[in-house]
Amino acid sequence: MRKKKKIVLIQDNEDILNIMDEVLEDEGYDVTSSLTTEPIEKIDKIDPNLVIVDEHIKGTKRGSKVIEELKSDPDTEDISAVLTSTSFDLPTKANACKADDFIEKPFDLDHMVDVVKKNS
């Protein structure tokens, strides 16, 4: 059996977090989901293939800042990162923080899965 790909999923909304988690688990991913950036503190232990972060997560840091920090650290720069948001300028934000991709909300679940597959 091949090892499951790991995803760290951080969202601002519990319902969306749970739906995304469920869909991605069904697709065969090992998902660490959270409403806070706690998994980012343990990123070296989790060692994910992909991080999905919402722009408007709880706490003082924006999702784009979390991604920017991951991408500017040699230890984590190779982890794929996807920014999610309802924001109209999401493509610009995602580009600015060096995210590998983005998912605009509200999103279609098939589209989300496609973006995850492409980036994991």
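Residues numbered from 1 in each chain as written. Predicted model: local features only at pLDDT ≥ 70, side-chain atom pairs only at ≥ 80, totals over all residues. Heavy atoms only, no water.

Asker: I tried to follow the overall build of the protein chain on my own but got confused; where do I start?
Answerer: If you tally the helices and strands in the protein chain, you get six helices and five strands. When the helices and strands of the protein chain are listed from N to C terminus, the series reads β-α-β-α-α-β-α-β-α-β-α. Against the globule reference of 14 Å for 120 residues, the protein chain gives a C-alpha radius of gyration of 13 Å, in line with a compact fold. Its C-alpha atoms give the protein chain principal-axis dimensions of about 40 × 30 × 25 Å. Looking at the protein chain alone, contacts between residues at least 24 apart form 55% of all its contacts between residues at least 6 apart. Only carbon and sulfur atoms are counted for the fraction: they give 46% of the accessible area of the protein chain, which is about 6,800 Å². Looking at charge distribution, the protein chain has the averaged site of its 17 positive side-chain charges lying 3 Å from that of its 28 negative ones. (Helix = DSSP H or I, 4+ residues; strand = E, 2+ residues; numbered from the N terminus. Rg over C-alpha atoms; globule rule 2.2 N^0.38 Å. Contact = heavy atoms within 4.5 Å. Areas by Shrake-Rupley, 256 points an atom, 1.4 Å probe, with all protein chains shown as cover. Lys, Arg positive; Asp, Glu negative; His and termini not counted. Charge placed at Lys NZ, Arg CZ, Asp CG, Glu CD.)

Asker: Hey, could you run me through the packing of helix α1 (residues 14–26) against helix α6 (residues 109–119) in this one?
Answerer: Between α1 and α6, the least distance of the axes is 11 Å, while the angle of their chain directions is 60°. As the angle between them shows, α1 and α6 are arranged oblique. As for the relative orientation of α1 and α6, their crossing is right-handed in sense. Here I19, M20, V23 and L24 of α1 lie close against α6, whose contacting residues are L109, M112, V113 and V116. When the residues that make up the contact of α1 with α6 are grouped by side-chain class, the tally is eight nonpolar, no polar and no charged. (Axes fitted to C-alpha atoms, helices over the stretch in contact; angles between N-to-C directions. Parallel < 35°, antiparallel > 145°, perpendicular 65-115°, else oblique. Left-handed = near helix turned anticlockwise from the far one by under 90°. Nonpolar A, V, L, I, M, F, W, Y, C, P; charged D, E, K, R; others polar.)

Asker: What am I meant to see in the nonpolar core here?
Answerer: Counting 18 residues, the largest nonpolar core has I40, V51, V53, I67 and L83 as the members making the most contacts within it. Going through the elements one at a time, β1 (6–10), α3 (43–46), β3 (50–54), α4 (63–71), β4 (80–85) and α5 (90–96) are the ones with two or more residues in this core. Discounting chain neighbours no more than four positions away, the residues touching I40 are I10, V51, V66 and L70. Counting 16 residues, the second largest nonpolar core, distinct from the first, contains V23, L24, Y29 and V113. (Core = buried A, V, L, I, M, F, W, Y, C linked by side-chain atoms within 4.5 Å. Buried < 20%, exposed > 50% of the residue type's maximum accessible area, 1.4 Å probe, protein only.)

Asker: Just checking my understanding: could you explain α1 for this structure?
Answerer: Because each turn of an α-helix spans 3.6 residues, side chains separated by three or four positions end up pointing in the same direction. Taking 1.5 Å as the rise per residue, α1 with 13 residues should run 18 Å; its terminal C-alpha atoms sit 18 Å apart, in good agreement. The set of residues buried in α1 consists of L17, M20, D21, V23 and L24. Along its buried surface, α1 packs onto β1, β2 (30–34), β3 and α6. For α1, the N-terminal cap is N13; the gap from its side-chain oxygen to the backbone nitrogen of D15 is 2.8 Å. Downstream of α1 by a residue or two, G28 has a phi angle that is positive, lying close to 95°. (Expected span 1.5 Å × (residues − 1). Polar contact = N/O pair within 3.5 Å; in protein donor to acceptor, adjacent residues only side chain to side chain.)

Asker: Got a minute to help me understand the pattern of salt bridges in this structure?
Answerer: Close approach of charged atoms allows side chains with opposite charge to pair. As enumerated under the stated definition, the model contains nine salt bridges in all. When the shortest N-O distance is used, the salt bridge between D12 and K105 registers 3.5 Å. Highlighted residues: D12 in the loop between β1 and α1 and K105 in the loop between β5 (101–104) and α6, separated in sequence by 93 residues. For D12, a relative accessible area of 30% translates into the label partly exposed. Here K105 falls in the buried class, since its relative accessible area comes to 11%. With a closest N to O distance of 2.9 Å, K61 and E69 form a salt bridge. For K61, a relative accessible area of 35% puts it in the partly exposed group. Owing to a relative accessible area of 32%, E69 belongs among the partly exposed residues under this scheme. (Salt bridge = Lys/Arg side-chain N within 4 Å of Asp/Glu carboxyl O.)

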